2 protein chains.
Amino acid sequence: MLRTHTCGQLRLTDDNTTATLCGWVQTVRDKGGVLWIDLRDRYGITQLLLEDGQTSPDLFTTARSFGREFVVQATGTVIERKSKNPNLPTGDIEIKVTSLTVLNPAKLPPFLIDDETDGGDDLRLKYRYLDLRRNPVRRNLELRHRMAQQTRLYMDGNDFIEVETPVLIKSTPEGARDFVVPSRMNPGEFYALPQSPQTFKQLLMVSGFDRYYQIVKCFRDEDLRADRQPEFTQIDCEMSFVEQEDILNMFEGLVRHLFKAVKGIDLAEVPRMTYAEAMRRYGSDKPDTRFGMEFAELTGLAQGKGFPVFDSAELVVGINAPGCAHYTRKQLDELTEWLKRPQIGAKGLIYVRYNEDGSLKSSVDKFYSEADLKAWAEQLNANPGDLMLIVSGEAAKARKYLNELRLEMGSRLGLRDPYTFSSLWVLDFPLLEYGEDENRWFAMHHPFTSPKPEDISLLDSDLGAVRANAYDMVINGTEVGGGSIRIFNRELQARMFSILGFSDEEAKAQFGFLMDAFEYGAPPHGGIAFGFDRLCSLFGGADSIRDFIAFPKNNSGRDVMIDSPSTISPAQLAELKITTTVS
Amino acid sequence: MLRTHTCGQLRLTDDNTTATLCGWVQTVRDKGGVLWIDLRDRYGITQLLLEDGQTSPDLFTTARSFGREFVVQATGTVIERKSKNPNLPTGDIEIKVTSLTVLNPAKLPPFLIDDETDGGDDLRLKYRYLDLRRNPVRRNLELRHRMAQQTRLYMDGNDFIEVETPVLIKSTPEGARDFVVPSRMNPGEFYALPQSPQTFKQLLMVSGFDRYYQIVKCFRDEDLRADRQPEFTQIDCEMSFVEQEDILNMFEGLVRHLFKAVKGIDLAEVPRMTYAEAMRRYGSDKPDTRFGMEFAELTGLAQGKGFPVFDSAELVVGINAPGCAHYTRKQLDELTEWLKRPQIGAKGLIYVRYNEDGSLKSSVDKFYSEADLKAWAEQLNANPGDLMLIVSGEAAKARKYLNELRLEMGSRLGLRDPYTFSSLWVLDFPLLEYGEDENRWFAMHHPFTSPKPEDISLLDSDLGAVRANAYDMVINGTEVGGGSIRIFNRELQARMFSILGFSDEEAKAQFGFLMDAFEYGAPPHGGIAFGFDRLCSLFGGADSIRDFIAFPKNNSGRDVMIDSPSTISPAQLAELKITTTVS
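Since we're looking at a predicted model, the values are computed, not measured.

A separate point is the interface of chain A and chain B. In this assembly, 124 residues from chain A lie in contact with 125 residues from chain B. Here chain A meets chain B over a buried area of about 11,100 Å², counting both sides, of which 59% is carbon and sulfur. The closest approach of N and O atoms between Glu189 of chain A and Arg558 of chain B, which form a salt bridge, is 2.7 Å. For the pair chain A and chain B, the interface holds 75 residue pairs in polar contact (both at pLDDT 80 or more). Looking at side-chain class alone, the side of chain A that touches chain B contains 65 nonpolar, 24 polar and 35 charged residues. As paired elements, strand S23 (residues 578–580) of chain A and strand S23 (residues 578–580) of chain B share three bridges and run antiparallel to each other. Bridge assignment links Ile578 of chain A to a residue of S23 of chain B, and that residue is Thr580 of chain B.

Have a look at this one:
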């Protein structure tokens, strides 16, 4: 070892010990007769001391040559500091240096290696290895490590077996776009990278593995939104001989264990809500339950008073923003414009101010009396000083708009503290959703999800009404995990594929192995997958997953550090028997 | 839960308990008035009992409908068995059945689900989910799980941090062939799948992560030999501020921990041997040290006696096969033919029988006196009853042939017990090896390996003589891990690339990010990677890695179960802007 101790290790009890440390030069403070160096490594910072008369002059010369981020080896004696630093675990001591070696010099970094940096996103990604030196980023990856450790501890402790499933699998048209890999040994054919190990984990259940988990990379070739990555990590799990209740309990247990072990938080029991109820109360299947501001339906109260917008609406629905009666006309206009942006697309926003003096003022005073508005206020649990915000239209759309507005108002009112955690199980998702553009039904979860037994008869009559044995775990308005009880019967699985528009031949070609497997003794089974990057960022109190991934890609799917993707040689293309059609 | 207990759980202490079990029907034994079912799950086997007069007749009817591998739920009372089975943990009890439900019937499996199966390799791979039900295969994957757990326990305990490195990286021409992934968002460009996370783990050291590990999938598009897989798993590790000695100690510790924790074996301290010595004594850089039969060089003794084959040889070298003097002429001819097969390619084999009566008989009696042969025997430590086997020629080739012969004789003599473990560090590998075909130097390990400091001056004069700070761990003749101290200086790294035939532009385009990183404060560092599949198969006492991988590919790189790789749709190809050139 080039060191005897780390930079976070020495204490007053090590007084008079000779120690050799290695690390990066954080700062040099040169007072002429005295010179201090803060030496940094992963474990902490230790102060090195050079003192006139005590330290040989050539060590001063060496130290004065140091730039920021030089890699240095220092030997000396541990002594008690005159002026202690209570903010540092090593703050009681310093090292009286007797020897100093530059292990590697460093050019000036292109941005500050500090908690607050002056580097922009692009620069930080290009020099990611320097950005990773910054405490907040390093701590995020340490958090991720602990999350993985504690996940494994819980899963191992519950008899789950970790099995690695293949990365080179087969492309299937259902779901998101696959990344594909040309096979040189099988020219003209391609592997695909898994969007999830779904079919493999189900086969492991057919194999009798009973309880499986894996922390595993998955891949989706999607147009990247701000916070998506083409490769991401899941905690992927499956259990046999279970019902939905068993999965909910097991994985509520996991999440509570993680909160306790990683953050010291006793998470309350996770409440449950049906999809239908979540949509009605929050307009979202992943409601942020850190705050109330629940939807109240005003359709009955608001219709028939001559306001054509409401009269023609399927749904009139509002929220109450407490203490916001002071919103000016300008603020309300801005809020309306915000809601009408193409990203959301609402047609308009009706407001009712419930003034402190008990009077009510709305943007639709022409149609509604104060008594009408009072009735609304009652429905919305509004009090003097509050602001009621109301949208209307087609029910699904109105709820979508109001959900956005609710989240925005929650943020404005400071009700969405990232270090407060509120969790929820959302249950009974619809099995299918209709794609208007494609003019066919799609699986809301995936084609392997089991319909609720009591809804199976509806498969003949009302596909949209069939509920699935599917569940999502939502924390702070983010879907952190989701899963379902699976189909384990060949006929039902074949029927699902048929509903989804697969011909028998297509179903057999793509998923024949799974349907065959169901005929050789498949147990009832179900599972769940958690988005690990997302879960880590949530635990870290951050919005973006990017800083919880060591080497993320940018929004164009590029790794700007290694400059990938890149062109490959004509010889490689020839060997793979492919050509590119880019001119 | 559909069960109250697993099939491996119930004991005599559970007498009189009501239990519900789920599992697969292993056997039904129908004696008319009494019927037993062996019900199996991952945890064990429990016997179910149906008895005339005690059990309702319709349960008999149900039970008689069961085929092998039916998935069944059974409820009943735990009772003490009349005839106990001491070989089963549950062998003291049985379940007097009161209810029986078929959860899923099963077609007759295409091969026996038993420790010894009648299924061939192809059939077992096609129905891998059934093969995985067999005890030996399931146990292999359970072993793998424990190996991963214990690896993480050791690494976590030694302050290593697990960091996930990206799977979508950049193609580089050095090393084996890459699998590539066309980028839809960056048409004409490709990602590559990592052959190892080498550059990323080095960047993590530059970032100050200090100690990194990962159990990680890697990919190589090679023509598959019998026991290679296109995707494989490594235990990948890197440390900062270390010298070779530190890495050897840390990872000898890992391997000893694994042997102790997983197999209960106290592995002896791992001996060390230089590459040069390993080649001299065993003709291999991964000698099987479970047995002796070391090489003895006979060049001096054998030359100058008129035998032209030996006289013209660079090296005459032999081994002594103890107790093999009884080998007949026919056996020796067969052995010679075996050695002359194209796979090995030796020109011939000289033998000397040291008969029990002390006389010596060789295939070269024409040239050598009994005294000559006695001198050879002395050199080879041969005794009466032994057989000396001698090859000659160019030194490297002669050693290669004799290594093959030594391993063959070791196997024939039963000296290679898979449950005996002998480990070895091989050190001081050559940095470079010359590719005669390509007419250039190649990195023996990889381009990031550091030359030994004392050999750096040889980079100017004698490239073949430069030794590397590189090391392999060898167990039972298998290289289970290898690594090196890395270059961490831009100039030296640039010089390495230049020696390997990279132009400055090529080096910059492919590895510029790493050389840049070396200028921003790179610490001295080194690491190692273990082949996890191989390590597991070694611990399992098996030759092949295939049965330690849940879903392996066959020798053509195909997953015959899911039928992958496969063609993809013209629409997918068009979107990726590639075409195949297969006619």
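Looking now at the UniProt feature "binding site: ATP" (unreviewed entry) in chain A. Residues and elements named next belong to chain A. UniProt's entry tags Arg220, Asp221, Glu222, Gln229, Glu479, Gly531, Phe532, Asp533 and Arg534 with the feature "binding site: ATP" (unreviewed entry), counted in the numbering of this structure. Along the chain, Gly531 turns up in strand S22 (residues 525–531). Looking at Gly531, the relative accessible area reads 24%, which means it is partly exposed. Setting aside residues up to four positions removed in sequence, Gly531 forms contacts with Thr233 and Val480. Every residue in contact with Arg534, bar those within four places of it in the chain, is listed here: Asp227, Thr478, Glu479, Val480, Asp543 and Ile545. Reaching out from Arg534, the side chain makes a polar contact with the side chain of Asp227 at a distance of 2.8 Å.

In this section: the packing of aromatic side chains. Inspection of the entire model under this criterion finds 51 aromatic pairs over all chains. With a centroid separation of 6.2 Å and 45° between ring planes, the pair formed by Phe310 of chain A and Tyr368 of chain A is classed as tilted. Placement of Phe310 of chain A in helix H9 (residues 308–311) and of Tyr368 of chain A in the loop between strand S15 (360–362) and helix H11 (370–379) is noted, with a sequence separation of 58 residues between them. Residue Phe310 of chain A shares its accessibility class with Tyr368 of chain A, and that shared class is buried. Plain terms: the ring middles of Phe497 of chain B and Phe502 of chain B are 4.9 Å apart, the flat faces sit at 55° to each other, and that makes the pair tilted. For the pair shown, Phe497 of chain B and Phe502 of chain B are each scored as buried. Above the plane of the ring of Tyr127 of chain B lies Lys126 of chain B, whose end atom (NZ or CZ) is 5.7 Å from the centre. The ring of Phe442 of chain B has Arg440 of chain B sitting right over it, with the charged end atom 3.9 Å from the ring centre.

Right, let's get into the relation of the copies chain A and chain B. When chain A is fitted onto chain B, the two copies agree to an RMSD of 0.1 Å after a turn of 180° and an axial shift of 0.0 Å. In symmetry terms, the pair is related by a two-fold rotation axis. When you check the interface residues of chain A against chain B, 100% turn up at the interface there too, and the contact is symmetric in its surfaces.

With that settled, the discussion passes to helix H10 (residues 329–340) of chain A. All names here are of chain A. Between the first and last C-alpha of H10 there are 16 Å, a value that for 12 residues agrees with the 16 Å anticipated at 1.5 Å per step. Every buried residue of H10 is listed here: Leu332, Leu335, Thr336, Trp338 and Leu339. Buried residues of H10, seen end-on, are gathered within an arc of 160° and therefore sit on one face of the element. Opposite the packed face of H10, turned more than 90 degrees from it, sit the exposed residues Arg329 and Lys330.

Let's shift gears to helix H4 (residues 135–157) of chain B. Each full turn of the α-helix corresponds to 3.6 residues, which orients residues three or four apart in the same direction. For H4 of chain B, which comprises 23 residues, the first-to-last C-alpha distance of 32 Å matches the rise-based estimate of 33 Å (1.5 Å per residue) to within 8%. Looking at the residues trailing H4 of chain B, positive phi occurs at Asp159 of chain B, about 70°.

Residue and element names in this part refer to chain A. If you check UniProt for "binding site: L-aspartate" (unreviewed entry), the listed places come out as Glu174, Arg220, His445 and Arg486 in our numbering. For Arg220, the position within the fold is in the loop between strand S9 (211–219) and strand S10 (231–240). Taking the relative accessible area as the measure of exposure, Arg220 reaches 27% and is therefore partly exposed. With residues up to four places along the chain from it excluded, the contact list for Arg220 reads Ala176, Arg177, Phe179, Gln195, Pro230, Phe232 and Gln234. Here the side chain of Arg486 touches Glu238 through a polar contact of 2.8 Å, side chain to side chain.

The next point concerns the pairing of strand S16 (residues 387–393) of chain A. Residue and element names in this part refer to chain A. Buried residues dominate S16, accounting for seven of its seven residues. Every second residue of S16 is oriented toward a common face, with Leu387, Leu389, Val391 and Gly393 on one face and Met388, Ile390 and Ser392 on the other, all of them buried. Pairing analysis gives seven bridges linking strand S13 (residues 315–321) to S16, with the strands arranged antiparallel. Directly across from Ile319, in S16, lies its bridge partner Leu389. Pairing of strand S14 (residues 350–354) with S16, which is carried by four bridges, proceeds in the antiparallel orientation. Directly across from Tyr351, in S16, lies its bridge partner Leu389.

Moving on, we get to the confidence of the model for chain A. For chain A, per-residue confidence averages 96 on the pLDDT scale, and residues scoring 70 or more make up 100% of the total. Model confidence for the complex is summarised by a pTM of 0.95, with the ipTM given as 0.95.

Turning our attention to the domain arrangement of chain A. Segmenting chain A into domains produces domain 1 (12–104), domain 2 (138–273 + 423–552) and domain 3 (291–412). The straight-line distance from the C-alpha centre of domain 1 of chain A to that of domain 2 of chain A is 51 Å.

Thresholds, definitions, all that
- Residues numbered from 1 in each chain as written.
- Chains lettered and ligands numbered in written order.
- Predicted model: local features only at pLDDT ≥ 70, side-chain atom pairs only at ≥ 80, totals over all residues.
- Heavy atoms only, no water.
- Contact = heavy atoms within 4.5 Å.
- Buried area = accessible area lost by both parts, 1.4 Å probe.
- Salt bridge = Lys/Arg side-chain N within 4 Å of Asp/Glu carboxyl O.
- Polar contact = N/O pair within 3.5 Å; in protein donor to acceptor, adjacent residues only side chain to side chain.
- Nonpolar A, V, L, I, M, F, W, Y, C, P; charged D, E, K, R; others polar.
- Pairing = 2+ DSSP bridges.
- Helix = DSSP H or I, 4+ residues; strand = E, 2+ residues; numbered from the N terminus.
- UniProt positions renumbered as here; feature names shortened; annotations may be inferred.
- Buried < 20%, exposed > 50% of the residue type's maximum accessible area, 1.4 Å probe, protein only.
- Phe/Tyr/Trp six-rings, centres within 6.5 Å; stacked < 30°, edge-to-face > 60°.
- Lys NZ or Arg CZ within 6 Å of the ring centre and 35° of its normal.
- Least-squares fit on C-alpha atoms with pLDDT ≥ 70 in both.
- Expected span 1.5 Å × (residues − 1).
- Arc of directions from axis to C-beta.
- pLDDT = per-residue confidence, 0-100.
- Domains from an automatic or database assignment.

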